[in-house]
Amino acid sequence: MTPAGEGSRVPSEARGSGDRDRPWTDLLARHGGRYALVFVLGAFIATFAIWLPDKFWTEANFRAMVNSQAIVLLLALAATIVLRTGDFDLSIASVMTLTAATSAVIVEDGGSLGLIFVVALAVGVVVGLINGFLIVKVGVSSFITTLGMMTALTGVAIAVTNSRQIYNLEGPMLTVARYKILDFPLRTWYGWALVIVLWYVYERTPVGRYLLFIGGGRDAARLAGLNVDAIRMGSFVASSIVAALTGIVLAGFLGGIDPNIGPSFLLQPFAAAFLGATALHIGRFNAVGTIIAIYLLVVGITGLTLLGAERWVNEVFNGGALVLAVMFARLVGRRR
């Protein structure tokens, strides 16, 4: 039997010259999967910068790309909270739309910004509790429950606005989304701040580990002494609250709301959340990976648009980028 330690290491003189001459293969095997998304993002930026230096490689374009994804980033981060436990919350876009609609109506009626926040928080808590009760306590599928809730909330938003679009709003609600710090609007700063908060929660607190543990196996989590039902319920409430507050930001950004806008915000946040799970912590929904995925998607779409691509290319790119990134991370992961 080989003595301990002798069989786990190859003497330097016995190593092939190819291994010494190609250290990048070891780096790729060890870190390629984790950082594949970062590599792809860098490659996209370099390619479009060389191809379209006067259009793509400008400060104004980069600022526009970052600011355009503020709402999507907030929704994608909200989605990761529930996804981390192994559930789905497809209702987040409709929660956002409903709070945006109620905010617009409150502004029209002369209500205060404080009232807007109170109503938004109430909507988030109520919707989160309903979703959590039906899914956790009753046992209905999270996909079916939140899909139905998404449709119902869209109808409520239409009813709140009396089937009309509301625009040209004024007042402090616009400041909430549009006020600039260092030339970036507040809505962009909110997304960055939430990335930091969720990164800390996911990676540095017991709650983050509990969410991950539950997502890996609920029965095992229960045997370990975790209150699985309470944590899952809490994740739905937290996700809905983030989505509800995002509705205020959306209304302030647009200066109003179209109550039918919700479904258009459904695909990209989930694409970014799943794509982000292939970065840094493969197989885990995480905040930093999500923001990297958001910017990868917007860089790719912006570059293709500047090259003259048709609008349908956006949808193909979103889906294709997700599939290719997952495939690449999986192939590299096998070599680790």
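Caption draft 1: Structural context of the packing of helix α9 (residues 186–204) against helix α14 (residues 287–306). Relative orientation of the contacting elements α9 and α14 amounts to 145 degrees, with a least axis distance of 8 Å. Residues Trp 192, Val 195, Leu 198, Trp 199 and Tyr 202 of α9 form the contact with α14, whose participating residues are Ala 287, Val 288, Ile 291 and Tyr 295. The class makeup of the residues in the contact of α9 with α14 is 9 nonpolar, no polar and no charged.

Caption draft 2: View of unusual backbone geometry. A positive phi is found at Asn 168, a non-glycine position, where the angle reads about 60 degrees. With respect to the helices, strands and loops of the structure, Asn 168 is situated in the loop between α7 (142–160) and α8 (172–178). A relative accessible area of 71% places Asn 168 in the exposed class. Even without glycine at this site, Asp 183 takes up a positive phi of about 70 degrees. The topology assignment puts Asp 183 in the loop between β1 (180–181) and β2 (184–185).

Caption draft 3: Focus on the nonpolar core. Membership of the largest hydrophobic core comes to 83 residues, with the highest contact counts inside it found for Leu 250 and Phe 265. Non-local contacts of Leu 250, meaning those with residues more than four positions away in its chain, are made with Ile 71, Met 96, Ala 100, Gly 256, Ile 257, Ile 261 and Phe 265.

Caption draft 4: Just empty space enclosed by the protein, in detail. Under the counting rule described, the total for this entry stands at 1 cavity of 30 Å³ or more. Considering only enclosed or pocket space, the largest cavity measures out at about 40 Å³ in volume. Every residue along the wall of the largest cavity is listed here: Val 66, Gln 69, Ala 70, Leu 73, Arg 187, Thr 188, Gly 191, Trp 192, Ile 294 and Tyr 295. For the lining of the largest cavity, the elements supplying multiple residues, two or more each, are α4 (70–83), α9 and α14. Here the lining of the largest cavity gets 4 residues from one element, more than from any other, and that element is α9. Partitioned by chemical class, the residues of the lining of the largest cavity number 6 nonpolar, 3 polar and 1 charged.

Caption draft 5: Highlighting a nonpolar patch on the surface. Together, Val 126, Ile 130, Phe 133, Leu 134, Val 138, Val 140, Phe 143, Ile 144 and Leu 147 give the surface a local cluster of nonpolar side chains, amounting to about 730 Å² of exposed area. Among the elements that make up the nonpolar patch, the one with the highest residue count is helix α6 (residues 113–138) (5 residues). Note that Ile 144 resides in helix α7. The exposure class of Ile 144 is exposed, given its relative accessible area of 52%.

Caption draft 6: Broad picture of the layout of surface pockets. By volume, the largest pocket amounts to about 410 Å³. Forming the boundary of the largest pocket are 16 residues, of which Gln 268, Ile 301, Asn 314, Glu 315 and Asn 318 lie nearest the centre. For the lining of the largest pocket, the secondary structure elements donating two or more residues are α3 (59–68), α13 (267–276), α14 and α15 (312–334).

Reading the values: the criteria
Residues numbered from 1 in each chain as written. Predicted model: local features only at pLDDT ≥ 70, side-chain atom pairs only at ≥ 80, totals over all residues. Heavy atoms only, no water. Axes fitted to C-alpha atoms, helices over the stretch in contact; angles between N-to-C directions. Helix = DSSP H or I, 4+ residues; strand = E, 2+ residues; numbered from the N terminus. Contact = heavy atoms within 4.5 Å. Nonpolar A, V, L, I, M, F, W, Y, C, P; charged D, E, K, R; others polar. Buried < 20%, exposed > 50% of the residue type's maximum accessible area, 1.4 Å probe, protein only. Core = buried A, V, L, I, M, F, W, Y, C linked by side-chain atoms within 4.5 Å. 1 Å grid on protein atoms, 1.4 Å probe; cavity = no way out; pocket = protein on both sides within 12 Å on 5 of 7 lines; lining within 4 Å. Points joined across faces, edges and corners; volume = space filled by probe spheres on them. Patch = residues over 30% accessible without salt bridge, like charges linked within 9 Å, V, L, I, M, F, W, Y side chains within 5 Å. Areas by Shrake-Rupley, 256 points an atom, 1.4 Å probe, with all protein chains shown as cover. Salt bridge = Lys/Arg side-chain N within 4 Å of Asp/Glu carboxyl O.

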